[in-house]
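Examination of the molecular architecture
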Amino acid sequence: MSRDAAEVDAGKVGAAEVEAAEVGAAGGVAGNPGDEPVDDSALSPVPPALSSVPASGDRRRHPAPAHLRFFHGPMNCGKSTLALQVDHNHSRQGRHGMLVTQGDRSSEPRISSRVGLSRDATEIDGGTDLRRLVRGRWAAGHRVDYLIVDEAQFLTATQVDQLAELVDQWHVDVYAFGLTTDFRTRLFPGTQRLLELADDVQRVQVEVLCWCGLPGLLNARVVDGAMVRSGETVVVADTAPAELPGTEAPAVRYQVLCRRHYVLGELGPTPAGPGQLALP
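A brief look at the structure comes next. (Residues numbered from 1 in each chain as written. Predicted model: local features only at pLDDT ≥ 70, side-chain atom pairs only at ≥ 80, totals over all residues. Heavy atoms only, no water.)

**A word on the pairing of strand β9 (residues 218–223)**
- Burial within β9 is extensive, with five of its six residues counted as buried.
- With six bridges joining them, β9 and strand β11 (residues 252–257) adopt antiparallel strand pairing. Each bridged residue has a counterpart across the sheet, and for V222 the counterpart in β11 is R253.
- Pairing of β9 with strand β10 (residues 226–228), which is carried by three bridges, proceeds in the antiparallel orientation. Bridge pairing in β10 links V222 to M227.
- Connecting β9 to the next strand, β10, in antiparallel fashion are two residues, including D224 with a positive phi near 50°. (Buried < 20%, exposed > 50% of the residue type's maximum accessible area, 1.4 Å probe, protein only. Helix = DSSP H or I, 4+ residues; strand = E, 2+ residues; numbered from the N terminus. Pairing = 2+ DSSP bridges.)

Right, here's the structure in full:
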């Protein structure tokens with residue numbers, strides 16, 4: 001071995017000895033028989049694997065910003081599908097959520113989508129206090145890190161205020177999904193209040209098409225095959241006629257139209273074809 005190589009090896013050994021001595025002085029972890037045992041409480045705690053997504057209990061002890069997010073759009077744009085996807089993404093990271101809905105298309109306490117996805121949910125109505133609902137889950141020993149609210153257009157303004165309180169005072173993330181307007185092109189009360197209070201408002205980007213091929217924006221109510229512009233604000237129905245055998249109730253459904261054909265009241269092409277005058 002050359003003299004230069006020997007000096008390099010000696011330098012490495014010396015540096016290793018200095019480092020070991022420093023570590024031993026810092027906490028007695030060098031492994032020498034005379035060292036004091038390590039006090040684990042003095043070491044920095046190892047962060048949990050999911051510390052980037054804090055649980056509700058951790059958030060109450062160490063408040064972190066929660067958010068009220070509102071996703072809206074017309075019928076058929078995938079709001080319920082997105083709600084279930086958000087729930088899946090959070091639950092797979094170890095978070096615990098609560099799902100609520102009212103007036104689901106299945107007529108059951110579920111969040112269901114037209115692509116076949118569904119999950120059990122808690123059915124609420126206009127008199128439900130959402131704060132007490134969540135606190136009741138806590139009192140029963142269940143964590144609630146986030147709240148999924150489907151059909152949020154049916155919420156009252158007071159209930160939207162309660163959601164904001166859950167976010168601000170209790171650090172619960174809230175994700176609300178609902179229709180933008182009713183069949184008269186007016187904002188639902190719940191939608192209006194969410195637009196006023198939500199930290200983040202997003203229009204669902206899945207494009208719905210009118211029968212003419214233009215983007216569909218407005219929900220038309222169709223009763224016995226004819227478009228109507230008056231009636232009760234809330235009539236639960238799907239985009240396909242409800243089958244009511246043995247009854248004389250009118251068949252009610254909804255159809256998404258572009259603005260032009262909503263104004264004209266046209267649910268499909270005329271015999272003369274789109275853009276052409278029909279001759280008598």
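**Considering the sheet that holds strand β6 (residues 146–149)**
- An order of β5-β2-β6-β7-β1-β8 is seen for the six strands of this open sheet, with the pairing classed as parallel. One side of each edge strand has no neighbouring strand; the edge strands of this open sheet are β5 (122–123) and β8 (200–203).
- In the sheet, strand β2 (residues 97–101) pairs with β5 via two bridges, with the strands oriented parallel. Residue pairing across strands places T101 opposite E123, the latter belonging to β5.

**Section: the packing of helix α5 (residues 157–170) against helix α6 (residues 189–197)**
- In the contact formed by α5 and α6, the axes pass within 8 Å of each other and the chain directions differ by 35°. Considering how the two elements wind past one another, α5 and α6 form a crossing that is right-handed. Residues A157, V160, D161 and A164 of α5 lie in contact with α6, whose contacting residues are G190, R193, L194 and L197.
- In terms of residue class, the contact of α5 with α6 is built from five nonpolar, one polar and two charged. (Axes fitted to C-alpha atoms, helices over the stretch in contact; angles between N-to-C directions. Left-handed = near helix turned anticlockwise from the far one by under 90°. Contact = heavy atoms within 4.5 Å. Nonpolar A, V, L, I, M, F, W, Y, C, P; charged D, E, K, R; others polar.)

**What to know about the packing of helix α4 (residues 130–139) against α5**
- At a closest axis distance of 8 Å, the pairing of α4 and α5 adopts a crossing angle of 45°. When the interaxial angle is binned, α4 and α5 end up oblique. Packed against α4, whose contacting residues are L130, R131, V134, R135 and W138, the element α5 presents Q159, Q162, L163, E165, L166 and W170 at the interface. (Parallel < 35°, antiparallel > 145°, perpendicular 65-115°, else oblique.)

**Quick notes on the state of the cysteines**
- The final tally for this structure, using the stated rule, is zero disulfides.
- Of all cysteine sulfurs in the structure, the one in C210 sits closest to C212, which takes part in no disulfide; the separation is 3.8 Å. (Disulfide = S-S within 2.5 Å.)

**Topic: the sheet that holds β10**
- An order of β10-β9-β11 is seen for the three strands of this open sheet, with the pairing classed as antiparallel. Taken across any chain shown, the strands that pair with only one partner, and hence form the sheet edges, are β10 and β11. Looking at each pair of strands side by side, their axes are set apart by 45° on average, direction ignored.

**A look at the packing of aromatic side chains**
- All chains considered together, the criterion is met by three aromatic pairs.
- Ring centres 5.9 Å apart and planes at 85° place the aromatic pair F154 and F188 in the edge-to-face group. Here F154 is found in the loop between β6 and α5, whereas its partner F188 is found in the loop between β7 (173–179) and α6, with 34 residues between them in sequence.
- Judged by relative accessible area, F188 falls into the buried class, the value being 5%.
- Between R221 and the ring centre of F183, over which it is positioned, the NZ or CZ distance is 3.7 Å.
- For the cation-ring pair, R229 lies above Y262, with the distance from its terminal atom to the ring centre recorded as 5.0 Å. (Phe/Tyr/Trp six-rings, centres within 6.5 Å; stacked < 30°, edge-to-face > 60°. Lys NZ or Arg CZ within 6 Å of the ring centre and 35° of its normal.)

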